[in-house]
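Analysis of the macromolecular model
Here's the letter readout for the chains.
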Amino acid sequence: MMVRASHSAAVWMAAMAVCIPAGMGAWRADAQAGKADAAPPAVRWHDATVDEYRKHLVVLEGLTQACAKARDLKTCDPTLVGPDDRVPVSGAKDAERRLVRYGWLRILFSHAEEPDAAQEAPGSRKPATQHREVARPAPRTTSQLLADAETRLARDLGEAGAATATAPDHAPERAVMKQVLAGREFRNLQQPTEKDTYLERIGSWLNRFFENFGKIRARSAWLGRALVWGFFLMIGIALAWALLQMERRWRVRLVPLREAPAAGAASARDWQLWLADARNAAAAGSWREAIHFVYWASISRLESKRLWPADRARTPREYLALVAADDPRKPGLASLTTSFERTWYGGRRAEEIDYRRAEELAAGLTSGGTPEFRSAEEGPAR
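Notes on the structure follow.

Attention now moves to the packing of helix α10 (residues 287–304) against helix α13 (residues 352–365). At their nearest, the axes of α10 and α13 sit 9 Å apart, and the two run at 5° to each other. With respect to each other, α10 and α13 are oriented roughly parallel. Packed against α10, whose contacting residues are Trp287, Ala290, Ile291, Val294, Ser298 and Leu302, the element α13 presents Glu352, Asp354, Tyr355, Ala358, Glu359, Ala362 and Leu365 at the interface. Residue classes in the contact of α10 with α13 are distributed as nine nonpolar, one polar and three charged.

Here Pro78 lies in the loop between α2 (50–70) and β2 (84–88). Pro78 gets classed as buried once you look at its relative accessible area, which sits at 14%. Sequence-wise, Pro78 and Leu105 are 27 residues apart; in three dimensions their C-alpha atoms are separated by 7.7 Å. Beyond its immediate sequence surroundings of up to four residues, Pro78 is in contact with Arg106, Phe109, Ser110 and Glu113.

Our focus in this paragraph is the packing of aromatic side chains. For the structure on display, the rule yields ten aromatic pairs. Ring centres of Trp287 and Tyr355 lie 5.8 Å apart, and the angle between their planes is 40°; on these two criteria the pair is classed as tilted. Here the residue Trp287 occupies a position in helix α10, and Tyr355 occupies one in helix α13, the gap between them amounting to 68 residues. Judged by its relative accessible area of 16%, Trp287 is buried. The class for Tyr355 is buried, based on a relative accessible area of 0%. On the numbers, 5.2 Å between centres and 75° between planes, the contact of Tyr295 with Trp296 is edge-to-face. Residue Tyr295 is classed as buried on the basis of its relative accessible area of 0%. Trp296 sits in the buried class, given a relative accessible area of 4%. Here a set of aromatic residues connected by ring pairs shows up, and it is made of Trp274, Phe293, Tyr295, Trp296, Tyr319, Phe340, Trp344 and Tyr345. Just above the ring of Trp104 sits the side chain of Arg152; from NZ or CZ to the centre is 4.0 Å.

A few words now on the pattern of salt bridges. A complete count under the given rule lists ten salt bridges for this structure. Each of Glu352, Arg356 and Glu359 takes part in a single network of salt bridges with overlapping partners.

Let's shift gears to the state of the cysteines. Under the defined criterion, the tally for this structure stands at one disulfide. The disulfide that involves Cys67 links it to Cys76, with 2.0 Å between the sulfurs. Judged by the sign of its S-S torsion, about 110°, the bond between Cys67 and Cys76 is right-handed. When its relative accessible area of 0% is taken as the criterion, Cys76 is described as buried.

In a regular helix each residue adds 1.5 Å, so 18 residues correspond to 26 Å; α10 covers 26 Å between its end C-alpha atoms and thus fits that length. Of all 18 residues making up α10, 13 are buried, and the element is well covered by its neighbours. Arg306 lies just past α10 and shows a positive phi near 60°.

This part covers a nonpolar patch on the surface. On the surface, Val176, Val180, Leu181, Phe186 and Leu189 cluster together into a nonpolar patch covering about 440 Å² of accessible area. With respect to the secondary-structure elements, Phe186 resides in the loop between α6 (171–181) and α7 (194–219).

Between α2 and helix α5 (residues 142–160), the shortest axis-to-axis distance is 9 Å and the interhelical angle comes to 165°. It follows from the interaxial angle that α2 and α5 lie roughly antiparallel. The interaxial crossing formed by α2 with α5 has left-handed handedness. The segment α2 lies against α5, with Val50, Tyr53, Arg54, Leu57, Val58, Leu60, Glu61, Thr64, Gln65, Cys67 and Ala68 engaging Leu146, Ala149, Glu150, Leu153, Ala154, Asp156, Leu157 and Ala160. Here the residues of the contact of α2 with α5 sort into 13 nonpolar, two polar and four charged.

With that settled, consider the sheet that holds β2. What the three strands build is an open sheet, ordered β1-β2-β3; its pairing is mixed. The sheet is open, and its two edges are formed by β1 (45–47) and β3 (97–100), each paired on a single side. Averaged over neighbouring strand pairs, the angle between their axes works out to 25° when direction is ignored. Sheet topology places β2 next to β3; four bridges connect them, and they run antiparallel. Opposite Arg86, over in β3, you have Leu99 as the bridge partner. In the packing of α2 onto the sheet, contacts are made with β1, β2 and β3, and the angle to β2 comes to roughly 140°.

The rules behind each value
Residues numbered from 1 in each chain as written. Predicted model: local features only at pLDDT ≥ 70, side-chain atom pairs only at ≥ 80, totals over all residues. Heavy atoms only, no water. Axes fitted to C-alpha atoms, helices over the stretch in contact; angles between N-to-C directions. Helix = DSSP H or I, 4+ residues; strand = E, 2+ residues; numbered from the N terminus. Parallel < 35°, antiparallel > 145°, perpendicular 65-115°, else oblique. Contact = heavy atoms within 4.5 Å. Nonpolar A, V, L, I, M, F, W, Y, C, P; charged D, E, K, R; others polar. Buried < 20%, exposed > 50% of the residue type's maximum accessible area, 1.4 Å probe, protein only. Phe/Tyr/Trp six-rings, centres within 6.5 Å; stacked < 30°, edge-to-face > 60°. Lys NZ or Arg CZ within 6 Å of the ring centre and 35° of its normal. Salt bridge = Lys/Arg side-chain N within 4 Å of Asp/Glu carboxyl O. Disulfide = S-S within 2.5 Å. Expected span 1.5 Å × (residues − 1). Patch = residues over 30% accessible without salt bridge, like charges linked within 9 Å, V, L, I, M, F, W, Y side chains within 5 Å. Areas by Shrake-Rupley, 256 points an atom, 1.4 Å probe, with all protein chains shown as cover. Left-handed = near helix turned anticlockwise from the far one by under 90°. Pairing = 2+ DSSP bridges.

Following this line, the structure appears as structure tokens:
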């Protein structure tokens, strides 16, 4: 008996193995054929006038009403909706167009092909004993959605009547706004500059800095107090140093007038005499001595203008350090000092071009050049 039962089971399983693939292949073929038959044609948009858009809305409203009554495949066919509309937003000739899509209505028609009872999934209604679960609102039925679609189409049809309305003229409002912006309180409005942005960043950093101080002080009172007083101490030291530098600069500029310069100072000898010696040395071809005399002629000229107190003991670099950084004469004096140091102290051989360059720098240091310096520049030394 057991042998017969095993033999029968084997025969039954072999038959099922042969029939199931064939049945599955046929089912897949039928499903694909059904999908091919039911697939709606490709729907695209088309440019429509406002009147065509209104007519299309009227047609869609009638189709929705018919579908809500019949609820069959013929009246609820999604292909009856037609393509989407591109409607102009204004009455201008080349007005911009707005795309009105009807995909939502096609999906609703495809669901409306069956009655509401058939669309309800089996077992979706839970027994009344499950009262502990939170009650959720029931989803809207297809019939209710069709009624909502009719309302929406009617509203769109009403709004389509005002689609080509002329845009309101805001010229009076624009004139009032221009008059307001022309007022005194809006006259100096401008975009923030880099300086404003930088100052705002500094202010934000200071706010965060003191905020962190407050947090530290809340945790440790003595540490927060020490940091605050240390910060103010650094600010005071920086201000004191800046004031000392400013006082030194102005003290150098505001040298009191004297009846005669100090003995041995460069200005003790008239700068024209220094320049005459430079011209004589240049005429003799002694370019090194000529540059030397041109340099001291410039120092004597600047010293006679009370740019610094007269003192012969200074070095060329010390004279240069006495000139303020923002003084326009400092770059010229720096170049002249470098040329003088290279030829006089550095032992570099001087040429005529070096002397001419020194004369040009000296002329620039005397407020555009004096007649003596200009004549020296125009005529070559003999």
